[in-house]
Amino acid sequence: LISQFRKVAMESFFQGQINYAKVVSLLYSYLESHPGLQVSVALACTPDQSDYEAERLFHQEHLGNLATLVPKSENWISTYYLTGQFSVVVAASSTLGFETLARGRKTLMCDVRLLRNFVDQAVTPDWILSRLDQETFDDACTKLFAMPLEDFVLRNRKSINYFMLSPHENSITEFQRNIVG
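None of these values were measured; they are calculated from a predicted model.

Trainee: I'm lost on the nonpolar core in this one. Help?
Mentor: Counting residues in hydrophobic clusters, the biggest one holds 46 residues, and the most contacted among them are Leu1, Leu63, Leu108, Trp127 and Phe137. Every element with two or more residues in this core is listed here: helix H2 (15–33), strand S1 (39–42), helix H3 (52–63), strand S3 (89–91), helix H5 (95–102), strand S4 (107–109), helix H6 (134–146) and helix H7 (149–164). Among the elements that make up this core, the one with the highest residue count is H2 (7 residues).

Structure, rendered in structure tokens:
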């Protein structure tokens, strides 16, 4: 899990943080129903930042002993290394999540607003959560854990490339021609 905890935002009614808290709740329920699954949380703060303790407590409260909390390092390479070790990366919506996806790692982006980019498509990419509910989350996680990395990359390469390209380099018509056929 890539942390998107922000103390200021958690204390206000910021929609992104509400979604992140929901994702953490969904993950907790998934972990409870899948004993033995090991999860690490890549925290957003370094131990010397003022929000570190609040972030640590938030995750400890919501995930208990079902997850290992890994503080952000001063060296971003360690965060990339850490996410590279995950079988599946879960992110509400974060730059690191998109970077992990672009590096060909199995990633589940839990921001349902991403669906707008694929509204006319028959199939939702495996890396986008279509609804923010427990059943959809559980199904998506189970599917990604079972899917070989090579299959994930092959099945989702075009949708990831389409999403990562800037709009002027791409068009819906081009996407439909390449993806839909």
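Trainee: Would you mind showing me how to read the side chain of Thr107 here?
Mentor: Its place among the elements puts Thr107 in strand S4. Of the polar contacts made by the side chain of Thr107, one reaches the backbone oxygen of Arg105; its length is 3.0 Å. Ignoring anything within four residues of it in the chain, the contact list for Thr107 reads Val89, Gly97, Thr100, Leu101, Trp127, Leu144 and Phe152.

Trainee: What am I meant to see in the pairing of S1 here?
Mentor: Two faces, one strand: in a regular strand the side chains alternate between the faces of the sheet. Bridging between S1 and strand S2 (residues 67–70) involves 4 bridges; their strand directions are parallel. Following the sheet pairing, Ser40 is matched in S2 by Thr68. As for the winding sense of the linkage, the β-α-β connection from S1 through H3 to S2 is right-handed.

Trainee: What is the right way to read H6 from this model?
Mentor: Think of an α-helix as turning once every 3.6 residues; residues three or four places apart then point the same way. Helix length check: H6 (13 residues) gives 18 Å between terminal C-alpha atoms against 18 Å at 1.5 Å per residue, within 8%. Turning to H6, its buried residues number three or more, namely Thr136, Phe137, Asp138, Ala140, Cys141 and Leu144. The distance from a side-chain oxygen at the start of H6 to the backbone nitrogen of Glu135 is 3.3 Å, and the residue carrying that oxygen is Asp133.

Trainee: Looking at this model, I keep getting lost on H3. Mind explaining?
Mentor: Between its terminal C-alpha atoms H3 stretches 16 Å, which fits the 16 Å expected from 12 residues at 1.5 Å a residue. Looking one or two residues past H3, Gly64 carries a phi angle of roughly 55°, positive in sign.

Trainee: Looking at this structure, I do not really get the environment of Arg155. What am I missing?
Mentor: Looking at the secondary structure, you find Arg155 in helix H7. Measuring from C-alpha to C-alpha, the distance between Arg155 and Asp126 comes to 8.0 Å, with 29 residues separating the pair along the chain. In contact with Arg155, other than residues within four places in its own chain, are Asp126, Lys143 and Met147. At 2.7 Å, the side chain of Arg155 and the side chain of Asp126 are in polar contact.

Trainee: Help me understand the packing of H5 against H7, please; the structure alone is not making it clear to me.
Mentor: Two quantities define a packed helix pair, namely the angle between the axes and the distance from one axis to the other. Two numbers describe how H5 lies on H7: the axes approach to 10 Å, and their chain directions differ by 130°. When the axis of H5 is compared with that of H7, the two are oblique. Contacts between H5 and H7 involve Phe98, Leu101 and Ala102 from the former and Phe152, Ile160, Phe163 and Met164 from the latter.

Conventions adopted
Residues numbered from 1 in each chain as written. Predicted model: local features only at pLDDT ≥ 70, side-chain atom pairs only at ≥ 80, totals over all residues. Heavy atoms only, no water. Core = buried A, V, L, I, M, F, W, Y, C linked by side-chain atoms within 4.5 Å. Buried < 20%, exposed > 50% of the residue type's maximum accessible area, 1.4 Å probe, protein only. Helix = DSSP H or I, 4+ residues; strand = E, 2+ residues; numbered from the N terminus. Polar contact = N/O pair within 3.5 Å; in protein donor to acceptor, adjacent residues only side chain to side chain. Contact = heavy atoms within 4.5 Å. Pairing = 2+ DSSP bridges. Right-handed = clockwise from strand over helix to strand, strands pointing away. Expected span 1.5 Å × (residues − 1). Axes fitted to C-alpha atoms, helices over the stretch in contact; angles between N-to-C directions. Parallel < 35°, antiparallel > 145°, perpendicular 65-115°, else oblique.

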